[in-house]
Amino acid sequence: MDVRLVYIELMDVDIAQTAAALMPYVTAAVSAYGATTLDKLRDAVVDSATNATVGVGHRLLNRILGREQSRQVIEGAILDAAAGEEDSEAALRLQIRKALAADPALARDVLALLPESATRVEAAGERSIAIGHNSGVASTGDNASIQR
């Protein structure tokens, strides 16, 4: 089993961060497909000429729309975004966040579908550091040294 998937299963998913991370892919798919977004998502095969970002958005939206309880409101938000409605991207992100918050398994699934480069690591405050992956030492203390 992939170590990243094991980690995802064990950690608490940050819903807001996950929803924000998937939005570039979702909006790329909505922008590429326009008003036919929902029809395209229902198609079994994605055109081979479709770029990787739109393809990821396609898979993410298919998984999110698989949740019956939130499908209708998310479909409405997708149609608004495809039509270029003002604030529609924020509304779509909010509906996706609500769906992810209501269904931890869905949140883990969409996080696993995101490319590793989409996950964001942030740090705030004095001497904070943000590291996506580190195989060495990271120190923010005064006069830090390594004892060997």
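Below is a summary of the structure that appears in this document. If you're wondering where the values come from, they're calculated on a predicted model, not measured in any experiment.

**What to know about unusual backbone geometry**
Right, so step 1: Although it is not a glycine, Asp87 sits at a positive phi angle of roughly 65°.
Right, so step 2: With respect to the element layout, Asp87 can be found in the loop between helix H5 (68-82) and helix H6 (88-102).
Right, so step 3: What makes Asp87 exposed here is its relative accessible area of 57%.

**Some words on the packing of helix H2 (residues 15-33) against helix H7 (residues 104-113)**
Helix packing geometry: the angle between the two helix axes and the distance between the axes.
Right, so step 1: Packing of H2 against H7 brings their axes to within 10 Å, and their N-to-C directions diverge by 40°. One element, H2, and the other, H7, form an angle in the oblique class. You can see that H2 and H7 cross each other, and the crossing is left-handed. Residues Ile15, Thr18 and Leu22 of H2 form the contact with H7, whose participating residues are Ala107, Val110 and Leu111.

**Some points on H6**
Right, so step 1: For H6, which comprises 15 residues, the first-to-last C-alpha distance of 21 Å matches the rise-based estimate of 21 Å (1.5 Å per residue) to within 8%.
Right, so step 2: Among all positions of H6, only Ser88, Leu92, Gln95, Ile96, Ala99 and Leu100 are buried. Taken down its axis, H6 places every buried residue within 135° of arc, on the same side.

**Overview of H5**
Right, so step 1: Under the 1.5 Å per step criterion, the end-to-end length of H5 is 21 Å for 15 residues, consistent within 8% with the ideal 21 Å.
Right, so step 2: Ser70, Ile74, Glu75, Ala77 and Ile78 are the residues of H5 that are buried.
Right, so step 3: Looking one or two residues beyond H5, the residue adopting positive phi is Gly84, at roughly 80°.

**Quick notes on a negative patch on the surface**
Right, so step 1: Taken together, the side chains of Asp80, Glu85, Glu86 and Asp87 make up a negatively charged region of the molecular surface.
Right, so step 2: Locating Asp80 in the fold gives a position in helix H5.
Right, so step 3: Asp80 sits in the partly exposed class, given a relative accessible area of 40%.

**Here we look at the nonpolar core**
Right, so step 1: Judged by nonpolar contacts, the single largest core of 31 residues is most densely connected at Leu22, Ile74, Ile78, Leu92, Ile96 and Leu100.
Right, so step 2: Those elements that provide at least two residues to this core are H2, helix H3 (37-42), helix H4 (52-65), H5, H6 and H7.
Right, so step 3: At 10 residues, the largest contribution of residues to this core is made by H2.
Right, so step 4: Setting aside residues up to four positions removed in sequence, Leu92 forms contacts with Met23, Val26, Ile74, Ala77, Ile78 and Ala81.

**Some words on the pattern of salt bridges**
Right, so step 1: Counting across every chain of the model gives three salt bridges.
Right, so step 2: Among the salt bridges present, the one from Asp109 reaches Arg63, with a minimum N-O distance of 2.8 Å. With Asp109 in helix H7 and Arg63 in helix H4, the pair connects residues that are 46 residues apart, well separated along the chain.
Right, so step 3: The exposure class of Asp109 is partly exposed, given its relative accessible area of 34%.

Criteria and cut-off values
Once a new chain begins, its residue numbering starts again from 1 and follows that chain's sequence as written. Totals for whole chains, interfaces and linings use every residue, but because this is a predicted model, local features are given only for residues with pLDDT of at least 70 and side-chain atom pairs only at 80 or more, for both listing and counting. The basis for every side-chain value is the complete set of non-hydrogen atoms in the structure, without hydrogens or water. Runs of H or I in DSSP of at least four residues are treated as helices and runs of E of at least two as strands, each being numbered from the N terminus. With a 1.4 Å probe rolled over the protein chains alone, any residue whose accessible area is under 20% of its type maximum counts as buried; one over 50% counts as exposed, and the rest are partly exposed. Here, axes are lines fitted to C-alpha atoms. For helices the fit covers the stretch in contact, and angles between N-to-C directions go from 0 to 180 degrees. Roughly parallel means an angle under 35 degrees; roughly antiparallel, over 145; roughly perpendicular, 65 to 115; everything else is oblique. In this scheme, a crossing is called left-handed if the near helix is turned counterclockwise away from the far one by less than a right angle; it is called right-handed if the turn is clockwise. Contacts are residue-level and defined by heavy atoms, with any inter-residue pair within 4.5 Å sufficient. For a helix, the expected span equals 1.5 Å multiplied by the number of residues minus one. Taking the helix axis as origin, the arc is that swept by the directions to the C-beta atoms. Patches here are clusters of residues that have more than 30% relative accessible area and form no salt bridge, with a 9 Å joining cutoff for like charges and a 5 Å cutoff for nonpolar side chains (Val, Leu, Ile, Met, Phe, Trp, Tyr). Surface accessibility in these figures is a Shrake-Rupley result with a 1.4 Å probe; residues are shielded only by whichever protein chains are displayed. Any carboxyl oxygen of Asp or Glu that lies within 4 Å of a side-chain nitrogen of Lys or Arg is treated as forming a salt bridge with it. Note on charges: Lys and Arg go in the positive column, Asp and Glu in the negative column, and His and the chain ends are not counted at all. The atoms used to mark charge sites are NZ of Lys, CZ of Arg, CG of Asp and CD of Glu. Grouping buried Ala, Val, Leu, Ile, Met, Phe, Trp, Tyr and Cys residues that are joined through side-chain atoms within 4.5 Å yields what is termed a nonpolar core.

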